Amino acid sequence: MVDDNRDAADMLADLLTLFGHITVAVYGGAEALLQAKLFVPNVIFLDIGMPRVDGYDVVRELKKSDLFRTVKVIALTAWGDNETRYKARLAGFDMHLVKPASIEEILNSITDAANGSLLYPPTG
């Protein structure tokens, strides 16, 4: 879970841990790029609007590496307009959830990623 809002990142990481997932919370884009090399996840929930290194930059950098090509990266952001969704898809995000996403949406996206059926929803 990557979000510059520490409370949001920690809360989601803790919640996913309760559901049996191994999680790591990080609080910025640069930190996410470093941490991802130490802990290669199956799924990354990534905020877009972060200072310095935003979510678009993070996903583009991750998807350049063979190590992360199969990692599913899900935008979890307050920005849900069509332009943001389009830019997210172009940057390499696999799905887009708008905050506040329900725990059901979050858990379903993890299940979809594990089943290989995670698809970016069509834009408006």
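Scroll up for the structure.
Residues numbered from 1 in each chain as written. Predicted model: local features only at pLDDT ≥ 70, side-chain atom pairs only at ≥ 80, totals over all residues. Heavy atoms only, no water.

The space that makes up the largest pocket amounts to roughly 540 Å³. Considering the residues around the largest pocket, the lining is formed by 26 residues, among which Ile 22, Phe 39, Pro 41, Asn 42 and Val 43 are closest to the centre. Mapped by element, the contributors of at least two residues to the lining of the largest pocket are α1 (6–18), α2 (29–38), β1 (43–46) and α5 (103–114). Volume-wise, the second largest pocket comes out at about 200 Å³. Considering the residues around the second largest pocket, the lining is formed by 13 residues, among which Ala 8, Met 11, Leu 12, Leu 76 and Ala 101 are closest to the centre. Put simply, the parts of the chain that give the lining of the second largest pocket at least two residues each are α1 and α5. Broken down by element, the residue count for the lining of the second largest pocket peaks at four residues, all from α1. Taken together, the residues of the lining of the second largest pocket break down into ten nonpolar, one polar and two charged. (1 Å grid on protein atoms, 1.4 Å probe; cavity = no way out; pocket = protein on both sides within 12 Å on 5 of 7 lines; lining within 4 Å. Points joined across faces, edges and corners; volume = space filled by probe spheres on them. Helix = DSSP H or I, 4+ residues; strand = E, 2+ residues; numbered from the N terminus. Nonpolar A, V, L, I, M, F, W, Y, C, P; charged D, E, K, R; others polar.)

With that settled, consider the sheet that holds strand β3 (residues 95–98). One open sheet holds the three strands; their spatial order is β1-β2-β3, and the pairing between them is parallel. The open sheet is flanked by β1 and β3, the only strands paired with a single partner. Ignoring strand direction, the axes of neighbouring strands in this sheet form an average angle of 25°. Contacting β1 and β2 (72–77), helix α3 (residues 55–64) crosses the sheet at an angle of about 160° to β1. (Pairing = 2+ DSSP bridges. Axes fitted to C-alpha atoms, helices over the stretch in contact; angles between N-to-C directions. Contact = heavy atoms within 4.5 Å.)

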